[in-house]
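# Architecture and fold: a report
One letter stands for each residue in the lines below.
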Amino acid sequence: RRSYIAGYRVILQIQKALTFGDEITISVTVESFTGAKMVLAYDMRKQNGDEVCSARSEHTFLDREGRFVRMKRDMPLFCEAIERVLQEDNRQSMK
C-alpha cells in the first residue's frame with residue numbers, strides 16, 4: 001500500500017535577498033512527527049554563513065483516495081526511521 005505526503009502549511013521568513021549566482025546551503029531537519037503529521041524545518045544560508053531564509057512546513061499522509069493514513073500501522077519502518085532521526089537530533093542538541 002502506498003502513501004502520499006500532502007503539505008498543508010508553509011511558513012517562510014526571508015532575512016536577506018539573493019541574487020543570481022549566489023550559492024546557498026539548505027539544511028532540512030525533522031522538527032516533530034506524530035505519525036499523523038510531520039513538521040520539517042529549513043535553514044538556508046549563503047556560503048559566508050549569513051542566514052537567507054528559514055521556513056517550516058507541515059505535512060500529513062494520504063492514500064490514493066485522499067484519506068489519512070495511519071503511518072505507524074501502515075508504514076512502521078518509515079516511522080521508525082523518522083523517530084531515530086528525531087532521537088539523534090535531540091542527542092545532538094543536548095551537547
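Refer to the structure printed above.
### A short note on the packing of aromatic side chains
Summed over all chains, the structure comprises 3 aromatic pairs. Residues phenylalanine 33 and phenylalanine 61 carry aromatic rings whose centres are separated by 6.3 Å and whose planes lie at 85° to one another, so their mutual orientation is edge-to-face. Remark: phenylalanine 61 occurs in strand E4 (residues 51-62) and phenylalanine 33 occurs in strand E2 (residues 24-33); sequence separation between them is 28 residues. Its relative accessible area of 4% is what places phenylalanine 61 among the buried residues. A ring pair is formed by phenylalanine 33 and phenylalanine 78, whose centres lie 6.2 Å apart and whose planes are at 80°; its orientation type is edge-to-face. A residue pair is termed long-range when its members are at least 10 positions apart, and phenylalanine 33 in strand E2 and phenylalanine 78 in helix H2 (residues 76-94) qualify at 45 residues. Its relative accessible area of 29% is what places phenylalanine 78 among the partly exposed residues.

### Points about the environment of alanine 36
Looking at where alanine 36 falls in the secondary structure, it is placed in the loop between E2 and strand E3 (37-46). Distance in space between the C-alpha atoms of alanine 36 and arginine 70 is 6.5 Å, their sequence separation being 34 residues.

### Digging into the pattern of salt bridges
Under the criterion given, the structure shown has 10 salt bridges. A salt bridge links arginine 67 to aspartate 63; the shortest N-O distance between them is 3.3 Å. In this structure arginine 67 comes out as partly exposed when scored by relative accessible area, which is 49%. A salt bridge links arginine 67 to glutamate 65, with the nearest nitrogen and oxygen atoms 3.3 Å apart. Several salt bridges converge on common partners, so that one network encompasses Arg9, Glu31, Lys37, Arg56 and Glu58.

Definitions and cut-offs
Residues numbered from 1 in each chain as written. Predicted model: local features only at pLDDT ≥ 70, side-chain atom pairs only at ≥ 80, totals over all residues. Heavy atoms only, no water. Phe/Tyr/Trp six-rings, centres within 6.5 Å; stacked < 30°, edge-to-face > 60°. Helix = DSSP H or I, 4+ residues; strand = E, 2+ residues; numbered from the N terminus. Buried < 20%, exposed > 50% of the residue type's maximum accessible area, 1.4 Å probe, protein only. Salt bridge = Lys/Arg side-chain N within 4 Å of Asp/Glu carboxyl O.

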